[in-house]
Amino acid sequence: MKTISKRILLGVSGGIAAYKSAQLARLLYRQGADVRVVMTISATRFVTPLTFQALTGHPVHTTLLDEHQENAMGHINLARWADLLLVAPATANVLAKFSQGLADDLLSTLYLAAECPVFVAPAMNQAMWAKPATRENLQRLKNHGVTVLGPEQGEQACGETGPGRMLEPETICRLLFPSANGAPLQGKKVLITAGPTREPLDPVRYISNRSSGKMGYALANVAAKFGAEVTLISGPVALPAPAGIKVLSVETAQQMYDAVLAQAHRHDIYIGAAAVADYSPAAVEKEKIKKHADELLLPLQKTRDILAAVAALPDKPYTVGFAAETEDLALHAQKKLQRKNLDMIAANWVGRESGGFDSDRNALSVFWQGGHCQLEMADKRVIAEQLLDLIAERINAKSTA
Ligand code: CTP
């Protein structure tokens, strides 16, 4: 395992998720980081400073004006010492204080004094998360250069369900140090499709779908971060081209088919994240279709299944499909896995309130031959990290089998 040569100041504020930060401190420490912990007074009511002291091997800092601790390492020294300030959990109160520049306790003073990168992992009730005041505070913090990790969607300690759960310690650790796992896709060539396709009807009209391309682009960015050489074949989207990634732009399902089949044999992994049209107009009219009859019937023909064609190649890459389902998700996904001879399928619900198409967040049920894993609702970047971790794990298991 690679080590993190970082001095991490871990700020723990007063939320129930503070108990998870003990595990986070341990994970960071195990990766080789030098971790010092600062707790707010309310955090000490959830977890004792002694727990963090035992886990990190250092006394925990709790008060701004503690004579002993000031002697050992005053707040300015502590801020100077850190390579990175991570606040997890970050309560609504802490986010509000940081965003306004209040400095009435040790943690908020450290934030003001810190010149290193700052990461916050919010944790709060979903209604507090949704409140305009919290949204504004977060936006201010982002504008000030703070990186916000999460939160996740899910069951909350208060009994409600929604966004506001702190990310799992493993996820926070991975997001902070993607290379801590030793760039799990180093040396691999990854081909990814993203976005919708457009199937023209005439020179001005087309059939398409609501795909934004965000999932495929997140996968491409993360795969590159994981050390892979990435080729992205993209339908029409409104996203910036990812830096350092070869992007081939296409429009129709047939163009995507041609581009993918020309590339697939040169790649180790194929991820079909594009929402390819299943049908396209049988004929494209040369001129704009005029409005005449009350009813217009458009003959459609099935497009070629790109995913199935890649999976049928003699020396096929590790082939990962997506499935968008409105009912019986697990059953349909597993059937597609077998029918298309895939190595893995990532299924998500569509047509529901949150996640999926055109959203920044997603949740996936992932199936592979002989295994299954649920990725809970989270930012698509976090989901991309988790899915690529699973793929890397399966590939490495395959190559050492
Ligand atoms: N796909 C593809 N080529 C097509 C249609 C779909 O490669 N012509 C791929 C998508 O990129 C995705 C997967 O197939 O990875 C899932 O498509 P989906 O529409 O959910 O499944 P289908 O097999 O088309 O089945 P159905 O629409 O009946 O659910």
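Residues numbered from 1 in each chain as written. Predicted model: local features only at pLDDT ≥ 70, side-chain atom pairs only at ≥ 80, totals over all residues. Heavy atoms only, no water.

K.L.:
What is the right way to read the packing of helix H5 (residues 92-100) against helix H6 (residues 106-113) from this model?
P.N.:
Pairs of packed helices are described in terms of their axes, by the angle between the two and the distance that separates them. Packing of H5 against H6 brings their axes to within 10 Å, and their N-to-C directions diverge by 40°. As far as their axial angle goes, H6 and H5 are oblique. Taken as a pair, H5 and H6 cross one another with a handedness that is right-handed. In this structure, H5 contributes Val 94, Lys 97 and Phe 98 to the contact, and H6 contributes Leu 107, Ser 108 and Tyr 111. (Axes fitted to C-alpha atoms, helices over the stretch in contact; angles between N-to-C directions. Helix = DSSP H or I, 4+ residues; strand = E, 2+ residues; numbered from the N terminus. Parallel < 35°, antiparallel > 145°, perpendicular 65-115°, else oblique. Left-handed = near helix turned anticlockwise from the far one by under 90°. Contact = heavy atoms within 4.5 Å.)

K.L.:
I would appreciate a short explanation of the packing of helix H1 (residues 18-30) against helix H2 (residues 49-56) in the present structure.
P.N.:
At a closest axis distance of 9 Å, the pairing of H1 and H2 adopts a crossing angle of 15°. As the angle between them shows, H1 and H2 are arranged roughly parallel. Taken as a pair, H1 and H2 cross one another with a handedness that is right-handed. Counting all contacts with H1, which are made through Ala 18, Ser 21, Ala 22, Ala 25, Arg 26 and Tyr 29, the residues of H2 involved are Thr 51, Phe 52, Leu 55 and Thr 56. Taken together, the residues of the contact of H1 with H2 sort by class into six nonpolar, three polar and one charged. (Nonpolar A, V, L, I, M, F, W, Y, C, P; charged D, E, K, R; others polar.)

K.L.:
Even after reading the chapter, I still don't get the side chain of Lys 97, so can you show me in this structure?
P.N.:
Position of Lys 97 among the secondary structure elements: in helix H5. Relative accessible area serves as the criterion here: at 10%, Lys 97 is assigned to the buried category. In this structure, Lys 97 is in contact with Leu 102, Asp 104, Asp 105 and Ser 108, ignoring residues within four places of it in sequence. (Buried < 20%, exposed > 50% of the residue type's maximum accessible area, 1.4 Å probe, protein only.)

K.L.:
Would you mind showing me how to read the site of the ligand here?
P.N.:
Among the 17 residues in the neighbourhood of the ligand, the closest are listed as Gly 272, Ala 274, Leu 307, Phe 322 and Lys 340. Between the ligand and Phe 322 there is a distance of 2.9 Å, counted from an oxygen atom to a backbone nitrogen or oxygen. Out of a free accessible area of 580 Å², the ligand has 77% covered by protein chains. Elements that contribute at least two residues to the shell around the ligand include exactly helix H12 (306-311), strand S16 (318-325) and helix H13 (329-339). Here the element with the most residues in the shell around the ligand is S16; it accounts for four residues. (Near = heavy atom within 4 Å. Polar contact = N/O pair within 3.5 Å; in protein donor to acceptor, adjacent residues only side chain to side chain. Areas by Shrake-Rupley, 256 points an atom, 1.4 Å probe, with all protein chains shown as cover.)

K.L.:
I keep staring at the sheet that holds strand S3 (residues 84-90) and nothing clicks. Help me out?
P.N.:
The five strands are arranged S2-S1-S3-S4-S5 in an open sheet whose pairing can be described as parallel. On the outer flanks of this sheet lie strand S2 (34-39) and strand S5 (147-148), each paired with one strand and no other. Examined bridge by bridge, strand S4 (residues 118-122) and S5 share two bridges and lie parallel to one another. Counterpart to Val 120 in the pairing with S5 is Val 148. (Pairing = 2+ DSSP bridges.)

K.L.:
Can you help me understand the packing of aromatic side chains in this one?
P.N.:
Within a pair of aromatic rings, the relevant descriptors are the distance that separates the centres and the angle that separates the planes. Applying the stated criterion to the full structure yields one aromatic pair. When the centroid spacing of 4.2 Å and the interplanar angle of 5° are considered together, the rings of Phe 98 and Tyr 111 count as stacked. You can see Phe 98 sitting in helix H5 and its partner Tyr 111 sitting in helix H6, a full 13 residues away along the chain. With respect to class, Phe 98 is no different from Tyr 111; both count as buried. Residue placement shows Arg 135 over the ring face of Trp 129; its charged tip is 4.5 Å from the ring centre. Directly above the ring of Tyr 257 sits Arg 304, whose terminal nitrogen or CZ lies 4.1 Å from the centroid. (Phe/Tyr/Trp six-rings, centres within 6.5 Å; stacked < 30°, edge-to-face > 60°. Lys NZ or Arg CZ within 6 Å of the ring centre and 35° of its normal.)

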